[in-house]
Amino acid sequence: MTTATNIRNFINRTSNNLKYAQRILLYAVPGWGKTSFGANFKKPLFLMSRGETGLITLAGNSLVPETDYIQPLDAWSDFIDALRMIEAEGSDHSTLVLDVLNGFERLCHEHVCEKLYKGDWGPSGFSAFNKGYESALNELVICQSLLDRIRIKHNITILMLCHSQIRSFEPPFGTPYKVYAPQVHEKTWGVFKGWADIVMFGNFFEDETTRKKNSAKQTRVLYTQQTMAWDAKHRHGLSPEIYLPEGPAAAVQEFRNALIQGHQNNQPKEQENAAA
């Protein structure tokens, strides 16, 4: 900010009409349907990390609508170049889907290991005192910055998909226990969890009726609030659990409905705060 004669020249005021495209991070258990969920967002463009060909398989079996994608990216530099092209040239897509975060994290770590540690993954290189993971944060922030410029400049929603894992959590006080967690290093997760507007965990819900019938059918659920068993957050007045109907298109529509309802739920609070 340059020197000004009046600070009022730089003051903006928030309003309900000021909205940016969303930053959504979804991690889920295997088989939940992350890719088909993303393919049913509005006008998606997929960027896929090395080895992530689920979209192509689903499309070949007519399980997703026709979806634009870039061939799976083999290197971190290719990924960053793709983001820079989208940021510079724009796109007629409404959603940019990254499939998957843990795959792109691997490309980032490979890039950093080769660039800074001469390909040494051992205790005298990348793995020494977590130095490699710390060094990778610079690259991840570059990625984050590009994604923000894409969503603000071109009004494109960012949907980041990630695999999940079960790992041990050791609380400061108490006995360690198992939790669901994204399949990325905690430093990577710290960067993107804090950045995202919505972080959701996808799992299956099996009710008593389903268990009695010994049915293989399970209801997919989006968990939107943090508990002792998983990480999540949002800024949209969402229900803690969003139960999804069968079929990815219907599931995405239910998520959209939940966002609309959440916004409506927030309206009285906003008006009450304004009156105060």
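Up top is the structure.
Report follows, based on the coordinates. The shown structure was predicted, so the numbers you read here are calculated from the model rather than taken from an experiment.

Parameters and conventions
Residues numbered from 1 in each chain as written. Predicted model: local features only at pLDDT ≥ 70, side-chain atom pairs only at ≥ 80, totals over all residues. Heavy atoms only, no water. Helix = DSSP H or I, 4+ residues; strand = E, 2+ residues; numbered from the N terminus. Areas by Shrake-Rupley, 256 points an atom, 1.4 Å probe, with all protein chains shown as cover. Expected span 1.5 Å × (residues − 1). Bend = angle between axes of the 7 residues up to and from the residue. Buried < 20%, exposed > 50% of the residue type's maximum accessible area, 1.4 Å probe, protein only. Phe/Tyr/Trp six-rings, centres within 6.5 Å; stacked < 30°, edge-to-face > 60°. Lys NZ or Arg CZ within 6 Å of the ring centre and 35° of its normal.

1. Considering the overall build of the protein
For the protein, the helix and strand inventory stands at 8 helices and 9 strands. Total accessible area computed for the protein in this model is approximately 15,600 Å², and 50% of it derives from carbon and sulfur atoms.

2. Quick word on helix α5 (residues 131-154)
Given a rise of 1.5 Å per residue, 24 residues ought to cover 34 Å, and the 35 Å separating the end C-alpha atoms of α5 matches this to within 8%. Remark: the principal bend of α5, roughly 30 degrees, maps to Asn138. Within α5 the residues assigned to the buried category are Gly132, Ser135, Ala136, Glu139, Leu140, Cys143, Gln144, Leu146, Leu147, Asp148, Ile150 and Arg151. Once α5 finishes, Asn155 follows within two positions and takes phi at roughly 55 degrees, a positive value.

3. As for the packing of aromatic side chains
For the structure on display, the rule yields 18 aromatic pairs. With 5.6 Å between their ring centres and 65 degrees between their planes, Trp32 and Phe37 make a pair best called edge-to-face. Each member of the pair, Trp32 together with Phe37, is buried. The structure contains a cluster of three or more aromatic residues connected by ring pairs, namely Tyr27, Tyr180, Trp189, Phe201, Tyr223 and Trp230. The residue whose ring lies beneath Arg106 is Trp121, and the NZ or CZ to ring-centre distance is 4.6 Å. Above the face of the Trp32 ring, Arg220 is positioned so that its terminal group lies 5.0 Å from the ring centre.

4. Quick notes on unusual backbone geometry
Glycine aside, the phi torsion of most residues is negative, and most peptide linkages are trans. Geometrically, the link from Asp99 to Val100 is a cis peptide bond, its omega value of 10 degrees lying close to zero. For Val100, the position within the fold is in the loop between β4 (95-99) and α4 (101-117). Phi at Lys118 takes a positive value of approximately 55 degrees, unusual for a residue other than glycine. Tracing the backbone shows Lys118 in the loop between α4 and α5. Residue Lys118 is classed as exposed on the basis of its relative accessible area of 78%. Here Phe129, not a glycine, exhibits a phi torsion of approximately 50 degrees, which is positive. Take Phe129: it is sitting in the loop between α4 and α5. Accessibility expressed as a relative area gives 81% for Phe129, which makes it exposed.

In short, geometric facts, not functional conclusions.
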